Amino acid sequence: MNDDKGRPDLRINGERLVSSIKEMGSIGFDPETGGRTRLALSDADKKGRDLLCRWMHEEGLDVKIDQIGNIFGVREGTDPSELPVMVGSHIDTVRDAGMFDGVYGVFGGLEVIRTLNENKVRTRKPLALAAFTNEEGARFQPDMMGSLFYTGTVGLEELLSSKDENGLTAADELDRIGYRGSGTVRAGRYIELHIEQGPRLYAEGLPIGVVRGIQGLAWWAGEYCGESNHAGSTPMDMRKDALLGVAELAAEAEKLALRLGNGSVATMGKISPKPDIINIIPGKCSFTLDFRQFEKSLFEEGKGEIERLITACAEKRGLKYNFRKVAEAPAVVFDSGMVELAERVSARLGLASKRMVSGASHDAQFLSPFCPTVMIFVPSKDGRSHCPEEWTEAEDLENGCNVLLHSVLELV
Ligand code: GLV
Ligand code: MN
Ligand code: MN
């Protein structure tokens, strides 16, 4: 069946999409928390990769792994001189994650390919499905390792030498799970389908978000050093409590984000006091900070202020300190033609859409300067994500995947 312009008027198989997402969601699942954990380059990540590669092979894709472990599956076109249209996302997770973050984009892309295959649709350009390595940055920093390497933004050696908290390098872990390859696939265009991970579409009852850009992100890791001492016998005015310095820094970072406003967000996601004992004043405390903002001058101001606060909160209590920036991604604005394409396709499918800026970071942030890029969002129930409660209704998953399918069909 063709639509009014002679394009195949196909629809993806929503049940097959949901069942594939659930199968991946069972890998690394923890019944106690209700979440799943597939940290990059872990055994669970390997199991997820193996499943994806098996399904790519079953669809007849030419599977290639590159030097940082990015997985590409290519469905050939009739004109080999054309660069592929690439779709995809990531399958690694944070700790105790939901099932959709990243996986929806990868299996949404796979579902598009399954739909084209079962309807025997030939395309002129190749279609490539990508799963980028370590998007989350939960185990190895920086995040977005796969797309940083793929786009030549950061060199391979620097990325592979990143260590996790047990001192294991990304290089060794990549070798251990058997995903260090030598192939690659160049993208001509990139579309990433993703859950919103924020509250806006759900609150407004809109099925589709067309993402026009992604806000800038900067991450730091640091440590304050004071003096461990007895919690009972050390008077309050004789303490050098590293945890209190870090606690004050967390509160100051919140004040900074509120003062800068315009969507600025600051988060201290991780603190680790030492020795971490009930009756010992913490002599050391490590922490991380995450700051994000879309507007360039406010992003620059916020980054400078965060570094000033790290220094000031330590000095105020006579603490020694060290810190370093462990990730940075500038804000990007997506290609207007790609944004208009996704909007046009949504309207044609009878789906209301809204242009929006992504609060979360994505591989699309690094693909965007490299080739025309856009992202398609679907609602996240109550705006929850990076937690076991992350949820998107089957109908929304299906709608977003149909927008992906028809956007791809216009490009290939
Ligand atoms: C990636 O999930 C991010 O931290 O935005
Ligand atoms: Mn993601
Ligand atoms: Mn994520």
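The rules behind each value
Residues numbered from 1 in each chain as written. Chains lettered and ligands numbered in written order. Predicted model: local features only at pLDDT ≥ 70, side-chain atom pairs only at ≥ 80, totals over all residues. Heavy atoms only, no water. Patch = residues over 30% accessible without salt bridge, like charges linked within 9 Å, V, L, I, M, F, W, Y side chains within 5 Å. Areas by Shrake-Rupley, 256 points an atom, 1.4 Å probe, with all protein chains shown as cover. Salt bridge = Lys/Arg side-chain N within 4 Å of Asp/Glu carboxyl O. Lys, Arg positive; Asp, Glu negative; His and termini not counted. Charge placed at Lys NZ, Arg CZ, Asp CG, Glu CD. Helix = DSSP H or I, 4+ residues; strand = E, 2+ residues; numbered from the N terminus. Buried < 20%, exposed > 50% of the residue type's maximum accessible area, 1.4 Å probe, protein only. Phe/Tyr/Trp six-rings, centres within 6.5 Å; stacked < 30°, edge-to-face > 60°. Lys NZ or Arg CZ within 6 Å of the ring centre and 35° of its normal. Disulfide = S-S within 2.5 Å. Axes fitted to C-alpha atoms, helices over the stretch in contact; angles between N-to-C directions. Parallel < 35°, antiparallel > 145°, perpendicular 65-115°, else oblique. Contact = heavy atoms within 4.5 Å. Donors = N, O, S within 2.8 Å, 3.2 Å for Na, K, Ca; no water. 1 Å grid on protein atoms, 1.4 Å probe; cavity = no way out; pocket = protein on both sides within 12 Å on 5 of 7 lines; lining within 4 Å. Points joined across faces, edges and corners; volume = space filled by probe spheres on them. Nonpolar A, V, L, I, M, F, W, Y, C, P; charged D, E, K, R; others polar. Near = heavy atom within 4 Å. Polar contact = N/O pair within 3.5 Å; in protein donor to acceptor, adjacent residues only side chain to side chain.

## As for a negative patch on the surface
On the surface, a cluster of negative charge is contributed by E15, E393, E395 and E398. Among the structural elements, E15 can be located in helix α1 (residues 14-25). On the accessibility criterion, E15 (70% relative accessible area) is exposed.

## Observations concerning the packing of aromatic side chains
Enumeration over the complete set of coordinates arrives at ten aromatic pairs. Ring geometry for F291 and F299: centres 6.3 Å apart, planes at 10 degrees, overall stacked. By relative accessible area, F291 is classed as buried at 0%. Under the relative-accessibility criterion, F299 is labelled buried at 4%. In textbook terms, an aromatic cluster arises when at least three aromatic residues are bridged by ring pairs, as seen for F72, F132, Y150, Y190 and F370. Above the plane of the ring of Y179 lies R49, whose end atom (NZ or CZ) is 5.0 Å from the centre. It is R114 that lies over the ring of W55; its NZ or CZ is 5.0 Å from the centre.

## Observations concerning the state of the cysteines
What the rule picks out here adds up to zero disulfides. Of all cysteine sulfurs in the structure, the one in C285 sits closest to C225, which takes part in no disulfide; the separation is 9.8 Å. C53 provides the cysteine sulfur closest to C401, a residue in no disulfide bond, and the two sulfurs are 19 Å apart.

## Notes on the packing of α1 against helix α2 (residues 43-58)
Running from N to C, α1 and α2 cross one another at 150 degrees; their axes reach a closest spacing of 10 Å. In terms of their interaxial angle, α1 and α2 are classed as roughly antiparallel. Along the contact surface, α1 presents S20, E23 and M24, while α2 presents G48, L51, R54 and W55.

## Quick notes on the coordination of the manganese ion (ligand 2)
Protein ligation of the manganese ion (ligand 2) involves H90 (NE2), D101 (OD) and H194 (NE2), the donor distances falling in the range 2.0 to 2.3 Å. Each donor residue of the manganese ion (ligand 2) lies on one chain, and together they are spaced H-x10-D-x92-H. A spacing of 3.6 Å is found between the manganese ion (ligand 2) and the manganese ion (ligand 3), which share D101 as a donor. Of this pair, H90 sits in the loop between β5 (85-89) and α3 (103-118) while D101 sits in the loop between β5 and α3, and the two are eleven residues apart along the sequence. Exposure class is identical for H90 and D101. Each is buried.

## Notes on empty space enclosed by the protein
Evaluation of the coordinates by the stated rule reveals one cavity of 30 Å³ or more. Of the volumes computed, that of the largest cavity is approximately 40 Å³. If you trace the largest cavity, you find it lined by D45, R49, I71, I91, D92, A131, F132 and T133. Considering only residue class, the lining of the largest cavity consists of four nonpolar, one polar and three charged.

## Observations regarding the site of ligand 1
Near ligand 1 you find E135, E136, W219, R292, A360, S361 and H386, and these make up its full shell. Between ligand 1 and the protein, one listed contact pairs an oxygen atom with a side-chain N or O atom of R292 at 2.7 Å. Contact distances for ligand 1 include 2.7 Å between an oxygen atom and a backbone N or O atom of S361. Burial of ligand 1 by the surrounding chains reaches 94%, relative to a free accessible area of 200 Å². Tallied by class, the residues present in the shell around ligand 1 amount to two nonpolar, two polar and three charged.

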